[in-house]
Structure formats: structure tokens, C-alpha cells
Amino acid sequence: MRWTLKPKPETDKVKQLQEALNVDELVSVLLVHRGIETYDKAKQFFRPSLSDLHNPFLMKDMDIAVNRIEAAIQQNENILVYGDYDVDGTTSVALLSSYLKTRTDKVATYIPDRYEEGYGISYKGIDFAEDNGFTLIVALDCGIKAIDKVNYARKKDIDFIICDHHRPGENIPDAIAVLDPKREDCNYPFKELCGCGVGFKLVQALALNEGKKTDDLVHYLDLVATAIAADIVPITGENRVLAYFGLQVINEAPRTGIKTLIAQVKKKELTITDVVFIIAPRINAAGRMKHGNHAVTLLNEEDEALAETYASEIETFNTDRRDADKQITEEALKQIEAQEEQERFTTVVYHENWHKGVIGIVASRLIEAYYRPTLVFTKSGDMLSASARSVSGFDVYNALEACSEFIEQFGGHKYAAGLTLKEENYQSFKDKFEAVVKDTIDTNLLTPEVKVDSKIDLSSIDNRLWRILRQFAPFGPGNMTPVFMTENLFDTGYGKCVGEDNKHLRITVTQKVTNAKFVCIGFGLGDKLDLISNKKPFTAVYSIDENEWQGNISLQLKLRDIKI
């Protein structure tokens with residue numbers, strides 16, 4: 001692992017903020033690292049407010065979208081709320097459909113089948129709309145590249161409103177309205193909304209148009225926070241506000257569907273990390289293993305008994321997903337070894353029978369083993385379909401764009417994308433992708449990096465610091481959990497490996513310059529026990545955490561890495 005110690009910010013900025021807030025220098029340094037340099041910015045950071053959200057009508061085409069939906073409601077038109085099958089898409093559909101149902105009963109939802117229709121807007125979905133008398137489709141978390149599909153719908157007198165957050169292509173679909181902050185001609189101040197975030201801005205605009213306030217929409221934010229966590233968008237700006245209030249809803253008054261998903265969790269307060277690892281995979285499992293409709297049905301169900309039944313079904317899907325993910329990952333790792341591709345700049349693997357629903361997860365697993373841009377392919381109809389994942393700092397979307405001569409369709413983000421290609425183009429694509437990455441990637445990016453906020457002694461860690469650090473949450477890209485480095489640490493003599501196969505390291509550390517002692521847990525660091533044996537001095541990078549054991553709460557250090 002590569003350790004990068006962030007340069008200390010300008011002394012004057014740190015000192016001015018330290019005096020303005022009456023905090024320790026360390027806290028001031030952490031804030032300035034995050035671009036927070038004034039009292040007002042700090043207040044906004046520590047005390048998020050719904051008033052910090054931008055006016056939704058600043059988004060291009062928002063007024064057109066609102067007017068079209070209002071007209072549909074007034075004219076009793078049938079409205080189809082259409083979304084992708086992943087967490088971002090299904091939460092978006094649940095959000096907009098549940099809001100619209102408070103205004104009209106002419107609302108239905110549609111999630112494409114991952115296997116029959118694939119990602120995004122499908123001809124089958126448009127045909128369904130025509131057959132069932134829908135004259136307006138609102139597409140969420142997809143559609144920004146669906147030029148042909150939108151034209152197909154227009155010929156059937158079906159209007160489209162697109163709410164997306166993916167990068168547009170050269171041309172924008174000829175829809176009634178296209179809401180996407182990443183449009184070059186959109187001046188919306190915040191560009192990093194997830195799909196559900198764009199959906200929420202539409203709901204916010206509709207509510208404002210009918211004389212309501214943003215405060216009246218807080219109960220929808222459990223869905224938005226779940227999508228923000230699952231889509232791994234930056235938790236800065238509007239996303240931080242939405243995630244902050246959404247987590248409050250999840251912890252205090254979640255919708256029935258989410259309540260049933262977290263019923264077995266014994267934590268007093270869920271964090272964004274808990275949402276990522278507990279709620280999101282279960283919602284995702286429906287679309288991966290069966291159909292995304294199951295997730296929307298659960299998220300919109302108000303009857304607790306029914307919700308528990310649906311949640312039980314989804315739990316089964318999630319178990320199946322874990323089994324498939326484990327098996328395919330093992331097969332993919334064997335394929336890399338069999339083809340002697342351990343030293344490449346990329347990982348590109350394929351098997352026609354791999355489950356399409358889990359190839360994105362498998363790509364992430366392979367990055368844990370071989371830290372490099374990764375694609376996992378499987379057969380999908382008469383085409384090959386792939387999920388792409390990248391390493392921190394490398395834009396896989398741009399790399400795919402450079403290989404577009406071999407690709408039929410692709411879309412996504414800097415770190416995650418999807419694509420399809422013809423089987424006969426697989427090897428040519430694989431060779432070109434390897435060449436593009438080899439020529440463009442900084443080789444340092446092929447080693448995992450831990451960014452260290454500050455070098456400190458153990459004496460700096462106390463309950464006061466912990467109380468302040470907790471207020472930095474919710475954490476995520478753009479506002480990661482603070483990481484510290486401490487030198488000249490010693491194990492007190494009780495260090496040991498713990499967990500399955502002794503994978504993890506548990507030690508108690510101290511420092512000669514202080515009497516402070518802290519228990520440390522290092523997940524996946526069991527092989528480093530020898531480094532700290534016999535009270536040899538070592539350096540550690542870690543975050544500060546809270547541990548509860550038999551009713552006692554104490555601070556502990558969560559090790560990221562250790563070196564001698």
C-alpha cells in the first residue's frame with residue numbers, strides 16, 4: 001500500500017480558522033483539507049440545512065418537465081415511472097412514483113429485466129407503455145444516450161422526460177425534457193447528484209410548484225441517502241445535505257420497506273457505511289438475481305406484514321447473490337492465472353455462463369486481488385455484456401471511449417461503467433483496452449493508496465476529538481474518514497491474529513512519549529503480526545473508531561496499514 005501524507009495547509013488559514021472556531025489545530029487542519037476555510041463554511045459543514053439545497057428550477061429543462069407532468073395530472077394521463085434495476089434506479093422509481101401517487105392514481109412503474117432487456121430504456125418497455133395507454137414516461141437513472149428509443153416512443157405519441165446523471169454523448173435525446181446536471185448546457189451549481197438525487201430535485205420542483213416546502217419532503221430522503229451511498233457519489237455539497245437528513249430518517253423513521261431490511265441490525269445508529277453494506281446489497285440483489293420490481297414493491301409497501309414477506313424474499317436473493325459472486329470470483333482468478341495475465345495493466349475476463357447480475361461485484365473483487373482497471377464479461381443474448389470498475393484516480397470511462405471502435409454501446413462514470421460488444425470483437429477490444437490503459441495510466445495508481453490527513457501522537461486522541469470527528473460524518477468520496485499516522489508505536493505484548501483463518505490483527509499499542517494505550521483492529525492485516533512482535537517500533541496509519549463490548553464503550557484505532 002502507498003502512503004501519501006497530505007501537505008500541511010497554509011499556516012495562516014489554519015490559525016484563522018482555529019481561532020474563529022475555538023478548536024485544536026488538528027481539527028482546523030482537517031477542515032482546511034476539505035476546503036473549509038471560514039466560519040460560515042464550517043457552520044454549513046457541521047450544521048447541514050435543507051435551505052442549503054439549490055433551487056431545482058436552476059436545472060435546465062426543469063420548468064418544462066414540471067409543466068408536462070402537471071398537464072398529465074390535470075388531463076388524467078397515464079404516467080409510467082421507468083428506472084434502472086440497480087439501487088439508484090429502484091430507489092428513484094420508488095421516490096417519484098410514491099410522490100406522484102399523492103397527486104394522481106394514474107401512475108405505474110416499470111423496471112427493465114436485466115437479462116431480457118438490458119440496461120436503460122428498452123423497446124419492450126416502450127411497447128408496454130403503448131399497449132397500456134401511457135402517454136408520458138419519466139425515466140430515472142438512465143436515458144441520457146437513448147436517442148433511438150426516445151424517437152421510437154415519439155412515433156407512438158409517447159412523451160419522455162429523462163432524469164439522469166450519467167455523462168451525455170455528443171447528442172441529447174429529443175425528449176420533452178432532459179434533466180441531467182452533467183449536460184454541458186446545464187448551469188445547475190452541483191454536478192454530482194446520483195440518479196435518485198435528480199429524481200428528488202424533480203419532486204422538489206413539483207412540490208414547490210404546488211406551494212409546498214422542501215421540509216415537507218424529508219420523509220423521501222431515506223431513499224435518496226441509500227442511493228447516494230450505493231452509487232458512491234461524492235458526499236459533498238447537496239449530496240452531503242441529502243445524505244445527512246436521509247440518515248436521520250433511516251435511523252428515526254424509515255419507510256416500512258427499509259425498516260424491515262434493517263430489523264436484524266443491532267446497531268443504535270446506522271452510518272453511510274452501514275447503508276452501503278447492509279441496505280444497498282439487499283435492494284440490489286432483487287435486480288441482480290430476480291427482478292428489480294421486487295425492490296420497488298418493497299420500498300413502496302406500507303403494510304408491515306407484507307413488507308416483511310417481501311424482505312424475506314429479497315434476503316433469499318441476496319444469499320443467492322453471495323454464492324454466485326464467490327463462485328465466479330474464484331473462476332475468474334483461476335482464468336487470470338491460466339492465461340498468465342497476472343502482470344498486465346488490466347484485468348479482462350470472460351465466461352459465457354457467468355451470472356450477469358453479479359459481474360459488477362466480481363469486477364470489484366478482482367480489483368482487491370489485482371489492483372488495476374477491470375472488466376468482467378458474460379454472454380447476453382447474441383452479444384457480450386461487461387461491467388467495468390476502476391482504481392482510484394483512473395477514468396475508465398475515457399479508456400472505454402478510446403476503444404469505442406469495438407464497442408456497440410457503453411455508459412457510466414469515471415470509476416464504473418457498463419458496455420456491450422459483439423463476441424467476435426472481444427479479443428480486439430481486450431488488446432486495445434490493455435494498450436490504452438498501459439499508455440495512459442500513471443503506474444503509481446496501480447498500487448492502492450491510503451491518504452493520510454495528519455501525523456499525530458497518541459496523546460492527541462481523546463473523547464473531545466472523537467466527538468468532533470463524528471460531526472464530520474456522513475463520510476464518503478470528497479469527505480473521507482480522517483486517517484492519521486503515528487510513529488514509534490509499540491505493541492504491549494498481547495498482539496495476536498483473530499478471525500477466520502487468522503486474517504485480522506488485534507493489538508494494543510502505546511508510545512514512549514505518552515502513557516496512552518489503545519486497542520487496534522486491523523482487518524486483513526493478520527500477516528503483519530511479525531512486524532510488531534518483540535516490541536519492535538513501528539508506524540501505523542489508522543482511523544479512530546468507537547468499540548462497544550459488554551456495555552463498555554471505548555475508543556479504538558482501525559488500522560489501515562503498518563510498516564517498520
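Rules behind the numbers
- Residues numbered from 1 in each chain as written.
- Predicted model: local features only at pLDDT ≥ 70, side-chain atom pairs only at ≥ 80, totals over all residues.
- Heavy atoms only, no water.
- Helix = DSSP H or I, 4+ residues; strand = E, 2+ residues; numbered from the N terminus.
- Rg over C-alpha atoms; globule rule 2.2 N^0.38 Å.
- Buried < 20%, exposed > 50% of the residue type's maximum accessible area, 1.4 Å probe, protein only.
- Contact = heavy atoms within 4.5 Å.
- Areas by Shrake-Rupley, 256 points an atom, 1.4 Å probe, with all protein chains shown as cover.
- Pairing = 2+ DSSP bridges.
- Axes fitted to C-alpha atoms, helices over the stretch in contact; angles between N-to-C directions.
- Salt bridge = Lys/Arg side-chain N within 4 Å of Asp/Glu carboxyl O.
- Right-handed = clockwise from strand over helix to strand, strands pointing away.
- Phe/Tyr/Trp six-rings, centres within 6.5 Å; stacked < 30°, edge-to-face > 60°.
- Core = buried A, V, L, I, M, F, W, Y, C linked by side-chain atoms within 4.5 Å.
- Parallel < 35°, antiparallel > 145°, perpendicular 65-115°, else oblique.
- Nonpolar A, V, L, I, M, F, W, Y, C, P; charged D, E, K, R; others polar.
- Disulfide = S-S within 2.5 Å.
- Left-handed = near helix turned anticlockwise from the far one by under 90°.

Peer 1: Help me out: how do you make sense of the overall build of the chain in this one?
Peer 2: Helix and strand content of the chain: 19 helices and 19 strands. Over its C-alpha trace the chain gives a radius of gyration of 25 Å, about what one expects of a compact globule, namely 24 Å for 564 residues. The C-alpha extent of the chain, read off along each of the three principal axes, is 75 × 60 × 50 Å. Buried residues in the chain amount to 53% of all 564 residues. Intrachain contacts of the chain at a sequence separation of at least 6 include 67% that bridge at least 24 residues. Total accessible area on the chain is roughly 25800 Å²; 45% of this is exposed by carbon and sulfur atoms.

Peer 1: How do you make sense of the sheet that holds strand β4 (residues 134-140) when you look at a structure like this?
Peer 2: Within a beta sheet, neighbouring strands are joined by backbone hydrogen bonds and run either parallel or antiparallel to one another. Taken in spatial order, the five strands make up an open sheet running β3-β2-β4-β5-β6, and their pairing is parallel. Each edge of the open sheet is held by one strand with a lone partner, namely β3 (107-110) and β6 (177-179). Going from strand to strand, the sheet's axes swing by 20 degrees on average, the running direction of each strand aside. Helix α6 (residues 123-131) rests against β2 (78-83), β3, β4 and β5 (159-163) of the sheet, and its axis sits at about 165 degrees to β2.

Peer 1: Got a minute to help me understand the pattern of salt bridges in this structure?
Peer 2: Two side chains bearing opposite charge may form a pair once their charged atoms approach each other closely. Taken as a whole and assessed by the stated rule, the structure comprises 32 salt bridges. Ionic pairing is found between Glu 210 and Arg 103, a salt bridge with its closest N-O pair at 3.5 Å. Of this pair, Glu 210 sits in the loop between α8 (195-209) and α9 (221-231) while Arg 103 sits in the loop between α5 (87-100) and β3; the two residues are 107 residues apart in sequence, bridging distant segments of the chain. Classification of Glu 210 by relative accessible area gives partly exposed; the value is 33%. Among the residues examined, Arg 103 registers a relative accessible area of 22% and is labelled partly exposed. Residues Glu 269 and Arg 470 are paired through a salt bridge, measuring 3.5 Å at the closest nitrogen-oxygen approach. In this pair, Glu 269 sits in the loop between α11 (256-261) and α12 (272-290) while Arg 470 sits in helix α18 (residues 463-470), placing the two residues 201 residues apart along the sequence. Among the residues examined, Glu 269 registers a relative accessible area of 47% and is labelled partly exposed. What emerges from the salt-bridge pattern is a single network uniting Glu 70, Arg 103, Glu 210 and Lys 212.

Peer 1: Where do I start with the pairing of β5 in this structure?
Peer 2: Strand residues, when the strand is regular, have side chains that alternate between the two faces of the sheet. In terms of residue burial, β5 counts as a mostly covered element, since four of its five residues are buried. As for the winding sense of the linkage, the β-α-β connection from β4 through helix α7 (residues 147-155) to β5 is right-handed. The pairing of β5 with β6 spans three bridges and is classified as parallel. Its bridge partner being in β6, Cys 163 is matched across the sheet by Leu 179.

Peer 1: Explain the environment of Ala 71 to me, please; I cannot follow it from the model alone.
Peer 2: Tracing the chain through its elements places Ala 71 in helix α4 (residues 62-74). Ala 71 sits in the partly exposed class, given a relative accessible area of 23%. Taking the C-alpha atoms as reference points, Ala 71 and Gly 526, 455 residues apart in sequence, are found 62 Å from one another.

Peer 1: What's the story with the side chain of Ser 28 in this structure? I'm lost.
Peer 2: Residue placement: Ser 28 occurs in helix α2 (residues 25-33). Residues in contact with Ser 28, not counting those within four places in the same chain, are Lys 13, Val 14, Leu 17, Gln 18 and Val 23.

Peer 1: Can you help me understand the sheet that holds strand β10 (residues 409-412) in this one?
Peer 2: Spatially, the five strands line up as an open sheet ordered β7-β8-β9-β11-β10, and their pairing is mixed. Whereas interior strands pair on both sides, the edge strands pair on one side only; in this sheet they are β7 (347-350) and β10. When strand polarity is set aside, the average angle formed by the axes of neighbouring strands in this sheet is 15 degrees. On top of the sheet, helix α17 (residues 426-440) reaches β7, β8 (374-380), β9 (383-389) and β11 (416-421); it is set at about 165 degrees to β7, its chief contact.

Peer 1: Could you clarify how one ought to interpret the pairing of strand β16 (residues 504-511) in this entry?
Peer 2: In terms of burial, β16 is a largely internal element, six of the eight residues being buried. Here strand β14 (residues 484-491) runs beside β16; their pairing, made up of three bridges, is antiparallel. Residue pairing for β16: Phe 490 is matched across the bridge by Thr 510. In the sheet, strand β15 (residues 496-498) pairs with β16 via three bridges, with the strands oriented antiparallel. Of the residues in β16, the one forming a bridge with Lys 496 is Arg 506. One ladder, built from seven bridges, connects β16 with strand β17 (residues 514-522); its direction is antiparallel. Within β17, the residue paired with Thr 508 across the bridge is Val 519.

Peer 1: Help me understand the packing of aromatic side chains in this model?
Peer 2: For any pair of aromatic rings, the description rests on two quantities: the centre-to-centre distance and the angle between the ring planes. The final tally for this structure, using the stated rule, is 15 aromatic pairs. Pairing Tyr 244 with Phe 245 gives two aromatic rings, centres 5.1 Å apart and planes at 80 degrees, and the pair type is edge-to-face. We classify Phe 245 as buried; its relative accessible area is 14%. Measuring from ring centre to ring centre gives 5.3 Å for Phe 377 and Tyr 426, while their planes differ by 85 degrees; the resulting arrangement is edge-to-face.

Peer 1: Would you mind going over the environment of Asp 164 with me for this structure?
Peer 2: Note on placement: Asp 164 falls in the loop between β5 and β6. Residue Asp 164 is classed as buried on the basis of its relative accessible area, which comes to 1%. For the pair formed by Asp 164 and Ala 153, sequence separation is 11 residues and the distance between their alpha carbons is 18 Å. Discounting chain neighbours no more than four positions away, the residues touching Asp 164 are Asp 141, Cys 142, Gly 143, Ile 144, Leu 179, Asp 180, Pro 181 and Val 198.

Peer 1: What am I meant to see in the nonpolar core here?
Peer 2: The nonpolar side chains of a soluble globular protein tend to be buried with one another. Core analysis: the biggest nonpolar cluster contains 91 residues, and Ile 69, Leu 100, Val 138, Leu 202 and Ile 279 have the highest contact counts within it. Filtering out sequence-adjacent residues up to four positions away, Ile 69 remains in contact with Leu 100, Leu 136, Val 138, Ile 161, Leu 202 and Leu 206. Within the second largest apolar cluster, 39 residues are counted, among which are Val 32, Leu 489, Ala 516 and Ile 532.

Peer 1: I would appreciate a short explanation of the packing of α8 against α9 in the present structure.
Peer 2: In a packed pair of helices, the relevant descriptors are the angle between the two axes and the axis-to-axis distance. At a closest axis distance of 8 Å, the pairing of α8 and α9 adopts a crossing angle of 150 degrees. Comparing the axis directions of α8 and α9 gives the class roughly antiparallel. Contact residues: α8 offers Cys 196, Gly 197 and Phe 200, while α9 offers Leu 221, Leu 223, Val 224 and Ala 227. Tallied by class, the residues present in the contact of α8 with α9 amount to six nonpolar, one polar and no charged.

Peer 1: Explain the state of the cysteines here, please?
Peer 2: By definition, a disulfide links the sulfur atoms of two cysteine residues through a covalent bond. Scanning the model with the defined rule gives zero disulfides in all. Here Cys 194 is not cross-linked by a disulfide; its sulfur's nearest cysteine counterpart is in Cys 196, at 5.5 Å.

Peer 1: Would you explain the packing of α6 against α7 in this entry?
Peer 2: It is the contact of α6 with α7, at a shortest axis distance of 10 Å, that shows an interaxial angle of 20 degrees. Taken together, α6 and α7 sit at an angle that is classed as roughly parallel. When you trace α6 past α7, the crossing you get is right-handed. Counting all contacts with α6, which are made through Tyr 123, Ile 126 and Asp 127, the residues of α7 involved are Asp 148, Lys 149, Tyr 152 and Ala 153.

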